[in-house]
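Residues per chain are reported as follows:
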Amino acid sequence: MTAISDQQLKTLLSDAKTVRQGFELMVRQYSEQLYWQIRRIVLTHEDADDILQNTFLKAWNALDSFHGDSKILTWLSRIAINESLDFMRKQKHMTTLSTDDAEIDIANRLMADDYFDGNETEAQLQEAISQLPEVQRTVFNLRYYDEMKYSEISKITGTSEGALKASYHIAVKKISEFFHRHD
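First, a word on scope: everything that follows refers to the structure included in this document. Just so you know, these numbers come straight off a predicted model, no measurement behind them. (Residues numbered from 1 in each chain as written. Predicted model: local features only at pLDDT ≥ 70, side-chain atom pairs only at ≥ 80, totals over all residues. Heavy atoms only, no water.)

## Some details on the nonpolar core
Piece 1. Grouped together as the largest cluster of nonpolar side chains are 44 residues, with contacts concentrated most on Leu 13, Met 26, Tyr 30, Leu 34, Ile 72, Trp 75 and Leu 76.
Piece 2. When contributions to this core are tallied by element, the ones reaching two or more residues are helix H1 (6-14), helix H2 (19-42), helix H3 (45-61), helix H4 (72-94), helix H6 (120-130), helix H7 (134-145), helix H8 (150-157) and helix H9 (161-181).
Piece 3. Considering each element in turn, this core owes the most residues, ten residues, to H2.
Piece 4. Excluding residues within four positions of it along the chain, Leu 13 makes contact with Val 19, Gly 22, Phe 23, Met 26, Leu 63 and Ile 72. (Core = buried A, V, L, I, M, F, W, Y, C linked by side-chain atoms within 4.5 Å. Buried < 20%, exposed > 50% of the residue type's maximum accessible area, 1.4 Å probe, protein only. Helix = DSSP H or I, 4+ residues; strand = E, 2+ residues; numbered from the N terminus. Contact = heavy atoms within 4.5 Å.)

## Here we look at the side chain of Ser 31
Piece 1. Within the secondary structure, Ser 31 is located in helix H2.
Piece 2. We classify Ser 31 as buried; its relative accessible area is 18%.
Piece 3. A polar contact of 2.5 Å, which involves the side chain of Ser 31, links it to the backbone oxygen of Val 27. (Polar contact = N/O pair within 3.5 Å; in protein donor to acceptor, adjacent residues only side chain to side chain.)

## Section: the packing of aromatic side chains
Piece 1. Counted by the stated rule, this structure contains nine aromatic pairs.
Piece 2. Seen in terms of ring centroids, Tyr 144 and Tyr 145 are 4.9 Å apart; in terms of plane orientation they differ by 85°. Their pairing is edge-to-face.
Piece 3. When its relative accessible area of 42% is taken as the criterion, Tyr 144 is described as partly exposed.
Piece 4. Judged by relative accessible area, Tyr 145 falls into the partly exposed class, the value being 24%.
Piece 5. A cation over an aromatic ring shows up here: Arg 143 above the ring of Tyr 150, its NZ or CZ 4.3 Å from the ring centre. (Phe/Tyr/Trp six-rings, centres within 6.5 Å; stacked < 30°, edge-to-face > 60°. Lys NZ or Arg CZ within 6 Å of the ring centre and 35° of its normal.)

Quick look at the structure:
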């Protein structure tokens, strides 16, 4: 499938006659990228798949409130990240595991996930990332994996670029320390 421009997509989405076609194109164009943004936060395929569906459902219901001020991907990413973080908060409240048990649980769940194609080092990286505070984890994932500019991350998170740079730097330091402790 050939990607269409943001402007073409916005035009389709703003016309009642073409909104459904535009939405279908948007889903096809951004599903994979959003899936991986979500997956890096929630870690498992099933949870990421559910959250991706919720993301597009919320986007469909909020189409009238999207004025096209930002890129479509930025808007969708904000919805996806908020959905993912809400899911993680709910999971955190439902679990009563100790921190050590939770760390083991993340690594074991990843290695047992049929859809996880990484090696043990990738599992350890995900374990290290999962221990970061919410903001640092989000900034790290968007910057490291999605190679987003700080200006884009700022639009998604509503945080200043300076604060994002500091969060990313601290996240990298904590991940390095994690690997030094687990050598």
